[in-house]
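Here is how the chains run, residue by residue.
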Amino acid sequence: MKSDIDIALEAELQPIQKVAQKLELSGDDLDLYGKYKAKLTDELWEKIKDRRDGKLILVTAINPTPAGEGKTTTTVGLGQAMSKIGKKAVIALREPSLGPCFGLKGGAAGGGYAQVVPMDELNLHFTGDFHAITSANNLLAAMLDNHIQQGNTLRIDTKQIVWKRCVDMNDRVLRNITVGLGRKADGVTREDHFIITVASEIMAILCLAENMKDLKERLGRIIVAYNYEGEPVTAEQLNAVGAMAALLKEALKPNLIQTLEHTPAIVHGGPFANIAHGCNSMRGTKTALKLADYIITEAGFGADLGAEKFFDIKCRMGGFRPDAVVLVATVRALKYNGGVAKENLGTEDLDALKRGIVNLEKHMENIAKYDVPCVVTLNQFVTDTEAEISFVRNFCEERGCEFALSRVWEQGGEGGIELANKVVDTIDSKESHFHCLYEDSLSLREKIETVAKEIYGAGNVVYEGAASQEIDRLERLGFGNMPVCMAKNQYSLSDDPKVLGRPEGFTIHIRDVYVSAGAGFVVAITGTIMTMPGLPNVPAAERIDVDESGRITGLF
């Protein structure tokens, strides 16, 4: 069996100008990055902004398991299938982080015959957007420390510095560090921290900014520390905004690539959904809506994280009204939720499927709370039996939810035609009445508890340590009207990654709370979730290599 990267490297790619023609774009609309990648120019938006929007389709999933769900694969395959049934479609995705590529999860380009390409370049440096974000983040950190060193006229309390450095790599030893050691000229000694680039507020800002003006305003609102009087100190006060914006000038432009079947794909931004808002950029989605009739986007991890944040943060801020949701599951993952060990998932087990399908049921119920039509799709494996598939189909249809099989990993767009037709029929026959889960006017605690109880199924929320006091401070400072971005493990509906299925009545523990004032939301960290991941026992990096001809192996 060919690996994903073997399939990708053997593909015949079209010049990106030819792919762009499918969206009626000319060479003047592209800034080329070689033969197969381009950025969309700033001028393009002015040409297309008054066009009618296409139909917006969100692809989400059940909670991820080691058995695999294939959300990105389904997203790409659905886009390819839309093209096969004669629809003008474009895919809108996030860029992969180097951390998972060299860590545990692997790449984020899809899989099999449903991939975006060039896969190796996308999973590695791509067009340099993440490097620009990392540089802007760390420039702000350097200017903060330099201000303190040079006299500290803003009276920054070094015990209340909240801005962290970042790097786009899993590196646990950088979570908690000491800086400024050495001579007096080497800076003020203090505790510091690193986060992964995708968790940086600058990543969130880039993904939520409408244009350069909006970007600079958001950058200026970043809170880097508090002074001795407890007042916020911002990036604007450090005079850092202009230089940061200069570093982000090109990164703000969406990227255009293609699928294996040459369907256009706009890939831009990459916040994680377990520790950030988990959606591709606002500019990428808005541009896609003007260029095609059907726009297929995805949000990270399960619907309890990515979809909730897509709805309650991105749609709230961007004015999006999704027309349909595709909810991805696999028989294998549902049986894993039912207690079957990974090595036994290929054996038919209807009892385990019945136990585990409650996870899918909860996500179906959650999507229904937003009043958006839903299609459940099974990403089919060769080990799935007819009895298992029929059980899932009947389960969904009995609950009024549409169902379709997907075989896009093996067959590409051809394997997604059933799903594509079902999605189109659902959009044509069922009207979306989308609304957010909660109102802006609720308190931060009410918003946190609404998500915890309504989406996760919790019975109680406990605010640990100084989290409750920080909520009080943020509300006093005027941030109480912001939406909440819940940082939670992706493997369970609860904040305990070992609790599978559909737990109910549990307690969610809020460990920390802070405001991302530039992004426009308040982050609530639950359980033991980390904003700087570590590498596993056997990192994926150990399998990656490049030969003398430049061919990369080991990416998947």
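Just so it is clear, the model here is predicted, and its values are computed rather than measured.

Reading the values: rules and limits
Residues numbered from 1 in each chain as written. Predicted model: local features only at pLDDT ≥ 70, side-chain atom pairs only at ≥ 80, totals over all residues. Heavy atoms only, no water. Helix = DSSP H or I, 4+ residues; strand = E, 2+ residues; numbered from the N terminus. Expected span 1.5 Å × (residues − 1). Buried < 20%, exposed > 50% of the residue type's maximum accessible area, 1.4 Å probe, protein only. Contact = heavy atoms within 4.5 Å. Phe/Tyr/Trp six-rings, centres within 6.5 Å; stacked < 30°, edge-to-face > 60°. Lys NZ or Arg CZ within 6 Å of the ring centre and 35° of its normal. Bend = angle between axes of the 7 residues up to and from the residue.

### Examining helix H7 (residues 129–149)
Alright, step 1. The end-to-end C-alpha distance of H7, which contains 21 residues, comes to 30 Å, matching closely the 30 Å that a straight helix rising 1.5 Å per residue would cover.
Alright, step 2. Just downstream of H7 lies glycine 151, where phi reads positive at about 125°.

### Here we look at the environment of glycine 68
Alright, step 1. For glycine 68, the position within the fold is in the loop between strand E3 (55–61) and helix H4 (71–84).
Alright, step 2. Residue class for glycine 68 comes out partly exposed when judged on its relative accessible area of 25%.
Alright, step 3. For the pair formed by glycine 68 and arginine 332, sequence separation is 264 residues and the distance between their alpha carbons is 7.7 Å.
Alright, step 4. Among all residues touching glycine 68, those that are not within four sequence positions of it are Thr330 and Ala333.

### Quick look at the packing of aromatic side chains
Alright, step 1. Considering all chains together, one arrives at five aromatic pairs under this definition.
Alright, step 2. With centroids separated by 5.8 Å and ring planes inclined at 70°, the aromatic side chains of phenylalanine 310 and phenylalanine 311 adopt a geometry described as edge-to-face. Here phenylalanine 310 matches phenylalanine 311 in class, with each residue buried.
Alright, step 3. Aromatic pair phenylalanine 311 and phenylalanine 434: ring centres 5.5 Å apart, planes at 40°, arrangement tilted. Of this pair, phenylalanine 311 sits in helix H12 (residues 303–318) while phenylalanine 434 sits in the loop between helix H17 (417–429) and helix H18 (444–456), placing them 123 residues apart in sequence. For the residue pair phenylalanine 311 and phenylalanine 434, the accessibility class agrees, reading buried in each case.
Alright, step 4. By the ring-pair criterion, three or more aromatic residues cluster together here, those being Phe310, Phe311, Tyr370 and Phe434.
Alright, step 5. Positioned above the aromatic ring of phenylalanine 395, the side-chain terminus of arginine 399 is 3.5 Å from the ring centre.

### Things to note about H12
Alright, step 1. For H12, spanning 16 residues, the distance from its first C-alpha to its last is only 19 Å, which falls clearly below the expected 22 Å at 1.5 Å a residue.
Alright, step 2. Remark: the principal bend of H12, roughly 35°, maps to phenylalanine 310.
Alright, step 3. A large share of H12 lies buried, amounting to 14 of its 16 residues.

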